[in-house]
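Below, each chain spelled out in residue letters.
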Amino acid sequence: AAPPAGLGLRLCLGGWGSLVNPTGVAACPGSDRLAVAHDGKKRIHVFGPSGFCLRRFGERGDANNDIKYALDVTVTSDGHVVVTDGGDCSVKAFDSEGRGVLAVREGFCLPWGLDATAKSEIILTDSEAGALYCLAADFQRGELKKCQMIRSRLVSPRAVAVCQSSGAVVVVEHLKARGASKGSTRVTIFSAEMDLIGQMDSFGLNLVFPSRIYATAVAFDKEGRVIVTDVCSQAVICLGKPEEFPSFNPLISHGLSYPVGLTYTANNSLVVLDSGDHSVKVYSST
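Residues numbered from 1 in each chain as written. Predicted model: local features only at pLDDT ≥ 70, side-chain atom pairs only at ≥ 80, totals over all residues. Heavy atoms only, no water.

As recorded in an unreviewed UniProt entry, the protein chain goes by NHLC1 ligase and comes from Rhodinocichla rosea.

(A) Main features of the sheet that holds strand E6 (residues 70–75). Strands sit in the order E6-E7-E8-E9 across an open sheet of four strands; the sheet is antiparallel. Since the sheet does not close on itself, it has two edges, and those belong to E6 and strand E9 (100–104), each with one partner. Strand-to-strand, the axes of this sheet are offset by a mean angle of 20°, without reference to chain direction. Two strands pair when backbone bridges link them, and strand E7 (residues 81–85) and strand E8 (residues 90–94) are joined in this way by five bridges, in the antiparallel orientation. Within E8, the residue paired with Val-81 across the bridge is Phe-94. (Pairing = 2+ DSSP bridges. Helix = DSSP H or I, 4+ residues; strand = E, 2+ residues; numbered from the N terminus. Axes fitted to C-alpha atoms, helices over the stretch in contact; angles between N-to-C directions.)

(B) Highlighting the nonpolar core. One finds Val-170, Val-187, Val-218, Phe-220, Val-226, Val-228 and Leu-239 to be the most contacted residues of the largest nonpolar core, which totals 20 residues. Among the elements of the structure, strand E14 (157–162), strand E15 (169–175), strand E16 (184–190), strand E18 (215–220), strand E19 (226–230) and strand E20 (235–240) are those that each provide at least two residues to this core. Residues within four places of Phe-220 in sequence aside, it is in contact with Ala-161, Val-162, Cys-163, Ala-168, Val-169, Val-170, Arg-225, Val-226, Pro-242 and Tyr-264. (Core = buried A, V, L, I, M, F, W, Y, C linked by side-chain atoms within 4.5 Å. Buried < 20%, exposed > 50% of the residue type's maximum accessible area, 1.4 Å probe, protein only. Contact = heavy atoms within 4.5 Å.)

(C) Quick look at the UniProt feature "repeat: NHL" (unreviewed entry) in the protein chain. Residues given the UniProt feature "repeat: NHL" (unreviewed entry) here are residues 14–50, 54–97 and 254–286. Secondary structure content for residues 54–97 is 0% helix and 50% strand, and the end C-alpha separation is 10 Å. (UniProt positions renumbered as here; feature names shortened; annotations may be inferred.)

(D) Quick look at empty space enclosed by the protein. On inspection of all chains with the given rule, the structure shows three cavities of 30 Å³ or more. Computed from the structure, the largest cavity encloses a volume of approximately 60 Å³. Looking at the largest cavity, the residues that line it are Arg-10, Leu-11, Leu-13, Asp-32, Leu-34, Gly-48, Pro-49, Thr-265, Asn-267, Ser-269 and Val-282. For the lining of the largest cavity, the element with the highest residue contribution is strand E1 (residues 7–14), accounting for three residues. (1 Å grid on protein atoms, 1.4 Å probe; cavity = no way out; pocket = protein on both sides within 12 Å on 5 of 7 lines; lining within 4 Å. Points joined across faces, edges and corners; volume = space filled by probe spheres on them.)

(E) Focus on the packing of aromatic side chains. Considering all chains together, one arrives at two aromatic pairs under this definition. Here Phe-57 and Phe-94 contribute two aromatic rings whose centre-to-centre distance is 5.4 Å and whose plane-to-plane angle is 50°, an arrangement assigned as tilted. With Phe-57 in strand E5 (residues 53–59) and Phe-94 in strand E8, the pair connects residues that are 37 residues apart, well separated along the chain. This pair shows no difference in class: Phe-57 is buried, exactly as Phe-94 is. Measuring from centroid to centroid gives 5.3 Å for Phe-108 and Tyr-133, while their planes differ by 85°, and the two rings are edge-to-face. Separated by 25 residues along the polypeptide, Phe-108 in the loop between E9 and strand E10 (111–116) and Tyr-133 in strand E12 (residues 131–138) bring together distant segments of the chain. For the pair Phe-108 and Tyr-133, a shared accessibility class is recorded, and that class is buried. The cationic tip of Arg-158 hangs over the ring face of Trp-112; the distance from NZ or CZ to the ring centre is 4.5 Å. (Phe/Tyr/Trp six-rings, centres within 6.5 Å; stacked < 30°, edge-to-face > 60°. Lys NZ or Arg CZ within 6 Å of the ring centre and 35° of its normal.)

(F) How the structure looks around the pattern of salt bridges. Applying the stated rule across the entire model yields 15 salt bridges. Asp-62 serves as the salt-bridge partner of Lys-68, at 2.4 Å between the closest nitrogen and oxygen. Exposure remark for Lys-68: the relative accessible area of 31% places this residue in the partly exposed category. For Lys-146, the salt bridge identified is with Glu-121, shortest N-O distance 3.9 Å. Of this pair, Lys-146 sits in strand E13 (residues 143–151) while Glu-121 sits in the loop between E10 and strand E11 (122–126), placing them 25 residues apart in sequence. Of the residues examined, Lys-146 reaches a relative accessible area of 32% and is grouped as partly exposed. (Salt bridge = Lys/Arg side-chain N within 4 Å of Asp/Glu carboxyl O.)

Structure below.
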């Protein structure tokens, strides 16, 4: 089945002053609320379906539950907001009211991207360690249950997404530059059991597709297709399902400046975080 065509911009929220250099966006399961991580005085903003900011929390500071530098954000099925903090190399969780409930600091070199599974476990990349972790916690009690490395020997993994139906995991690795090259990215897909399904780097994609792809964010749509943002073409591209990977179907090819975040809402709207103009753009089928 082809990806949904005719996506139209339904809502644009944020903008400079409201959001400052945003780095991550996540949809709240079961609702159309969006959590955005950025570099403002309060690091997490929660927006309602109309675009109105419902809540701000995650103070910038040095206290236990403050956030020094938010890199990514996800929301569990029970409404807890989980953030990677590059400032003190930790993972921090907040309840729906914005109260800090858990901070996990041990063992990480540079936690970066994260996504929640259907069971409210957190799949997390450690960019500096080249590893993928699974973190499980009782967030209501603020108790960490496990923090287990599930994949190693990755190259600067950053963005990550989990398929809610199959449990497959897709990671964007940032490969080191060679010579005058600016570096490239590699999209790698694992099964729920962490077996390698497929991977393709920028060079390989360029052999198949009309332009060089430098992926910055990744998501699964509701049908289990891999979707990436590409800052080279300022586009959002569907790479197909894991078993047919990679295919090439541009979903959004204009109107973006520097897309760095990607998610889908409960009603299947596509959400793109554009750090170029500090905004969140919501697209729906027309």
